[in-house]
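Structural overview for review
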Amino acid sequence: MTLRNRARLIGLVSGLVVLALLAVYLVADRDRGQAGRAFDLTESLTFQTIQLRSALFGRLVRPQTQPRAQAEAQFARLETLLRQEDEQLGEAGDRLAQSAAQSARHLLGDLRTLYEELGDPWADPRLVERDQRTADLILVNSHSLILSISQLRHRANEQFLQATAWESMALNLLLTGMASLGLVLYLIVQHSVLAPIQRLRETVVRVAGGETSLRLKSPRQDELGDLARAFDQMLDQLQETMVSRDRLESEIAERRVVERALRDSEQRLEERVAVRTAELESANRELESFAYAVSHDLRAPLRALSGFSQALAEDYADRLEGEARLFLEQIDQASRRM
């Protein structure tokens, strides 16, 4: 797999991991928001229930000064809030809370019926005993209503605390996942890019120092592997060139010995000298031709080494640290000098 495809795969996987962690956190945040709104609604229910009981108690104790409209308004507010509670509980599917809400609705309905049956203010002496029983039932049912609303509030508080804890855990998971993902990406870049570049740099420095027998022998099937194989091929050709150069220098030395022998041998000033001179000129031409061929053969791997270095620097400059870019520049400069 090439470095370009590997980088795309890593980016895709990283993006999916981040999106998954972010989705978990957003779901937890949504649940906490819903639980918070449900808790606020139960707080309003508790407050309005206490207000209703106060209005009912005032009506029972001071019927002349406590108007009926105040209690009726409280009944209307509580009915509206209980309808909102039913809608939220229907979405949440909490059976325990739904049972408490149903009990509260029944109690509220009974309270309203009892309140409507209550005489105004016991004007008929024959209904005093009945009104007294109704007042007692109103007090009992209002207390039961407060208990039912308290159950709703307690359940909403539990769910809010659970949602808050889940949101905190999701946030910690998101932060931990992001940190772990950053560490994994660093290790991947270190292993896949920086370490091979460092090894290539060290090999180039040692070869420049005279250790031409070194080889990278990289098994990688990407741009860095291509660069390493091109470098090894260049070293092979360079070593062959050095062996051929030594052989040619030996032949030149032998020819110089022959020349000196020809010059020293007077019995043989001019035909053999001409023959040897022609042979020497032919050998020199062959040497020049071979040197030109060797020079031409060396240019291709050197251009490949320089080209791969430039391609790596252009395509992955934004992912390479300053030291890695320095290594690539040194490789390119060394190839140009060679």
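The notes below deal with the structure included here.

The rules behind each value
- Residues numbered from 1 in each chain as written.
- Predicted model: local features only at pLDDT ≥ 70, side-chain atom pairs only at ≥ 80, totals over all residues.
- Heavy atoms only, no water.
- Helix = DSSP H or I, 4+ residues; strand = E, 2+ residues; numbered from the N terminus.
- Buried < 20%, exposed > 50% of the residue type's maximum accessible area, 1.4 Å probe, protein only.
- Areas by Shrake-Rupley, 256 points an atom, 1.4 Å probe, with all protein chains shown as cover.
- Expected span 1.5 Å × (residues − 1).
- Patch = residues over 30% accessible without salt bridge, like charges linked within 9 Å, V, L, I, M, F, W, Y side chains within 5 Å.
- Salt bridge = Lys/Arg side-chain N within 4 Å of Asp/Glu carboxyl O.
- Core = buried A, V, L, I, M, F, W, Y, C linked by side-chain atoms within 4.5 Å.
- Contact = heavy atoms within 4.5 Å.
- Phe/Tyr/Trp six-rings, centres within 6.5 Å; stacked < 30°, edge-to-face > 60°.
- Arc of directions from axis to C-beta.

A few words now on the overall build of the chain. What the chain contains, in helices and strands, is 7 helices and 0 strands. Listing the helices and strands of the chain from first to last along the sequence gives α-α-α-α-α-α-α. Put simply, the chain has 338 residues, and 32% of those count as buried. Carbon and sulfur atoms provide 55% of the accessible area of the chain, an area that totals close to 20900 Å².

Taking 1.5 Å as the rise per residue, helix H3 (residues 95-117) with 23 residues should run 33 Å; its terminal C-alpha atoms sit 33 Å apart, in good agreement. Taken residue by residue, H3 has Ala97, Ala100, Ala101, Ala104, Leu107, Leu108, Leu111, Leu114 and Tyr115 as its buried positions.

Turning our attention to a nonpolar patch on the surface. On the surface, a nonpolar cluster with roughly 540 Å² of combined accessible area is contributed by Leu9, Leu12, Val13, Leu16, Val17 and Leu19. Mapping Leu12 onto the fold places it in helix H1 (residues 3-61).

Tallied over the entire structure, the rule returns 5 salt bridges. Where Glu167 meets Arg32, a salt bridge forms, and the shortest distance between an N and an O atom there is 2.8 Å. Of this pair, Glu167 sits in helix H4 (residues 128-208) while Arg32 is found in helix H1, placing the two residues 135 residues apart along the sequence. With a relative accessible area of 26%, Arg32 lands in the partly exposed category. A salt bridge links Glu79 to Arg112, with the shortest nitrogen-to-oxygen separation between them at 2.7 Å. With Glu79 in helix H2 (residues 68-92) and Arg112 in helix H3, this residue pair connects regions lying 33 residues apart in the sequence.

Within the element layout of this structure, Ala76 appears in helix H2. Here Ala76 falls in the partly exposed class, since its relative accessible area comes to 34%.

Along the chain, Leu175 falls in helix H4. Taking C-alpha positions, Leu175 is 9.7 Å from Leu22, a pair spaced 153 residues apart along the chain.

So, on to the nonpolar core. In terms of nonpolar packing, the biggest core is built from 27 residues, with Leu56, Leu145 and Leu152 touching the most fellow members. Mapped onto this core, the elements with two or more residues apiece are H1, H2, H3 and H4. The dominant element in this core, judged by the number of residues it contributes, is H3, at 9 residues. Setting aside its immediate chain neighbours within four residues, Leu152 contacts Thr42, Leu45, Glu85, Leu89, Ala97, Ala100 and Ala101.

On to the packing of aromatic side chains. As enumerated under the stated definition, the model contains 2 aromatic pairs in all. With a centroid separation of 6.1 Å and an interplanar angle of 20°, the aromatic rings of Phe39 and Phe160 are classed as stacked. Separated by 121 residues along the polypeptide, Phe39 in helix H1 and Phe160 in helix H4 bring together distant segments of the chain. Ring centres 5.9 Å apart and planes at 50° place the aromatic pair Phe75 and Tyr115 in the tilted group. In this pair, Phe75 sits in helix H2 while Tyr115 sits in helix H3, placing the two residues 40 residues apart along the sequence.

Right, let's get into the side chain of Thr49. Positionally, Thr49 belongs in helix H1. On the accessibility criterion, Thr49 (2% relative accessible area) is buried. In this view, Thr49 contacts Leu78, Leu145, Ile146 and Ile149; residues no more than four positions away in its chain are not counted.

For the rest of this paragraph, the subject is the side chain of Asp332. With respect to the helices and strands, the residue Asp332 is situated in helix H7 (residues 322-337). Residue class for Asp332 comes out buried when judged on its relative accessible area of 14%. Ignoring anything within four residues of it in the chain, the contact list for Asp332 reads Ser306, Ser309 and Gln310.

Glancing now at H7. The α-helix winds at 3.6 residues per turn, so residues separated by three or four positions along the chain end up facing the same way. Between its first and last C-alpha atoms H7 spans 23 Å; for 16 residues at 1.5 Å apiece the expected length is 22 Å, and the two agree. By the burial criterion, the buried members of H7 are Ala324, Phe327, Leu328, Ile331, Asp332, Ala334 and Ser335. Along the axis of H7, the buried positions cluster into a sector of 165°, meaning they face one direction only. Opposite the packed face of H7, turned more than 90 degrees from it, sit the exposed residues Glu323, Arg336 and Arg337.

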